[in-house]
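# Reading the structure
Chain by chain, the residues run as shown.
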Amino acid sequence: MAFSTSWSQYNYHVFLSLRGKDTGKGFGDHLYTALEQAGFHTFRDDDEIVRREELDIELQKAMQESKLFLVVFSKDFASSTWCLDQLVKIMDLRRRSFPHHIVVMPVFYVDPMLVSDQADSYAAAFASHEENSKEKAEIWRAALREVSDLGGMVLQDGCIRYQAEFVQDIVKEVRKKLNRPIVHTPSHLIGIESRIADIDLWLQDSSSVPIGIIYGIGGVGKTTIAKEVFNLSLDRFEASCFLPNIRETSKQPNGMGFLQKQLLNTVLYDKNVKVNNEADGSNKIKDAIGCRRVLIVLDDVGHLEQVNMIVATWDWLYKGSKIIITTRHKRLLKDDKICRKFRIEELGDDESLQLFSQHVFGKANPNDGFMEHSLRAVKYCCGIPLALREWGTFLSDIDISEWNNALDKLEAILHNGIFKVLRVSYDSLKDDLARRLFLHIACFFIGMESDYVTKILDGCELFAKAGIQDLVDRFLLTIGENNRLIMHPLLRDMAREIVRQESPDDPGRRSRLWSHDDSISVLRENTGTEAIRGIILNIQVSMSHEFEMKALQKMRNLQLLQLNYGKLKGNYKYLPRSLIWLSWHGSPLKCMPSCLHLEKLVVLDMQRSSLKHIWHGTKVLTLGDMNILIGVLKAYDFTIRPYNYYDCPVVCFKENINFDNHRLYRLNS
């Protein structure tokens, strides 16, 4: 049966390179004939053919149009400068091929160690070459070492196997190589070389740990990089398999069984393999990959259990086998003894502009008149390739006169393609508490000190310390300088879009309000509902906004309220009892109303307010039993209960408040 292929740009399946006088004319003839009979269109190059010293035009064209290079290494291969020059050209083509589809398959008619170490006859040949040109000899040596690292088929001198059998084994291996599972990669891979360099070195080191974890924020290019190194490394392994979308596929009925069967079909080159159940699949996979050098990519893994169901344990992997896992979870696998971790960083400013420009203008730089707008788009995307591609594609058909309006819209409402990819990280959080924690931080607490936020969110019973660490491990949050919470702008906008979609047309029915306009609208028009859990409103000192207390009456579940430099009028009994955090910088109150009910309050922040006294007369204030960062020990008109100050809530006042010469203390420090 003839071999069929969709690689229309290749005129030859195989480029056969050998030194006929070493292997015997019969071997070269038999191998060429067997390849042609198997349906592989083969170009044969034999150094016995008389030719000019430089590669002629026909030969160069054949090399450019060949898919697989079959190089036969014999005893006196290294004595032929023609063979060595051709090998250098082949390895150079392999390195420059895009996206790394060219296969180089060594066949060793001698001990492979002679080739890699340049020993015996190879050493003698190089002693002669170095007399003519040490520089060229070193280039040839490097090519021999590089090709030896690829492995290959071996027929050593004195082997009792018949050459005919060996030729048929070569044909079978060629069929496997040409049927290898190349995976598609996007165009315009900017900055890819530097990001795959360390991964490629790890893949080449057969003695290193078997597992590689590629991790990073959603949309940063983890899958693309895994595909690239997979395509680059296929000919180093006996079998290879790329399993995409593990997270989503595993959710489907019998999803894990499907993935197991796909792996077995690919590794065994047998589409008829049956998997009765997941346990049966695990056993068959162990048998299939435990006896051969394999490369397996598990793409977009959400939980370690998904990995375990596919490859079970690591100790029975064949020496030199590699498993690459892409994930958004840094701590998916904690044992550094069996894995190496590769974080994928965001693109730099220049790389981002180049990628964006390729998708908008089809070149590396913006067209004249578009630079300012392009820089605005690039700045917003913050180095995320997914966002740069989506925005670039969206803007490519828009006239420059409409760009400002289009960019305003994209910044106001996150592009749907970006939103869907980033939301995967949100949906993968462990439970509703973790999701509420993430949304609270994204809407209210970015830039604030971590310990301060932890106390507040613990008051909301969200187990904040462990939850924040989990968000950090999943690249949804970062702890920056001065212990402050940092979130990527696109993740922030993804979270806020989730909240906006709760009620697109009615902000009063959303769970969180962070927008200045939405917060003022809901408070002025009294459209708030019990759905609201938090509101922040920072009013400029020079502006005056006054709201009725009744605007808070319907917000029975309000826990987080920031009303900096705003004014409230009316009866303070309408302030919800559910409040955990009340931040009211610049409050005009000279003393706190006696009708306040703050039983659940954890943080009362009244910095730069007009307070002179807490209450008129003596007042006992009962607050929540939460941890304390800063507390007031005692004032003549103010008593805190409980008296265990290490369990008291946070109370922040401006420094010049009158405490009758009593001081403001830092506790538990």
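Residues numbered from 1 in each chain as written. Predicted model: local features only at pLDDT ≥ 70, side-chain atom pairs only at ≥ 80, totals over all residues. Heavy atoms only, no water.

If you look the protein up in an unreviewed UniProt entry, it shows as TIR domain-containing protein from Linum tenue.

### Notes on the overall build of the protein
Within the protein one finds 24 helices and 24 strands. Counting only residues that meet the buried cut, the protein has 53% of its 669 residues in that class. Summed over all atoms, the accessible surface of the protein reaches about 31,100 Å², with 48% contributed by carbon and sulfur. (Helix = DSSP H or I, 4+ residues; strand = E, 2+ residues; numbered from the N terminus. Buried < 20%, exposed > 50% of the residue type's maximum accessible area, 1.4 Å probe, protein only. Areas by Shrake-Rupley, 256 points an atom, 1.4 Å probe, with all protein chains shown as cover.)

### Quick look at the sheet that holds strand S6 (residues 211–215)
Sheets are built from strands that pair by backbone hydrogen bonding, the pairs being arranged parallel or antiparallel. The five strands lie next to each other as S7-S8-S9-S6-S10, forming an open sheet whose pairing is parallel. Only two strands of the sheet have a single partner each, and these edge strands are strand S7 (239–243) and strand S10 (339–343). Each neighbouring strand pair of the sheet contributes to a mean axis angle of 15°, computed without reference to strand direction. Relative to strand S8 (residues 294–301), helix H14 (residues 304–311) is tilted by about 150°, and along the sheet it contacts S7, S8 and strand S9 (322–327). (Pairing = 2+ DSSP bridges. Axes fitted to C-alpha atoms, helices over the stretch in contact; angles between N-to-C directions. Contact = heavy atoms within 4.5 Å.)

### A short note on the confidence of the model for the protein
Regions with low pLDDT should not have their predicted coordinates read in detail. Residues at a pLDDT of 70 or more form 85% of the protein, whose mean pLDDT is 83. Counting contacts from residues 616–650, a segment whose pLDDT is below 50, to residues more than four positions away or on other chains yields 90 contacts. Confidence over residues 653–669 falls short of pLDDT 50; this stretch has 37 contacts with residues more than four positions distant or in other chains. (pLDDT = per-residue confidence, 0-100.)

### Describing helix H15 (residues 349–361)
Between its first and last C-alpha, H15 extends 17 Å over 13 residues, near the 18 Å set by a 1.5 Å rise per residue. Three or more residues of H15 are buried, namely Ser352, Leu353, Leu355, Phe356, Ser357, Gln358, His359, Val360 and Phe361. On its buried face, H15 sits against helix H16 (371–381), helix H17 (385–395) and helix H18 (403–412). Immediately downstream of H15, the backbone of Gly362 shows phi near 75°, a positive value. (Expected span 1.5 Å × (residues − 1).)

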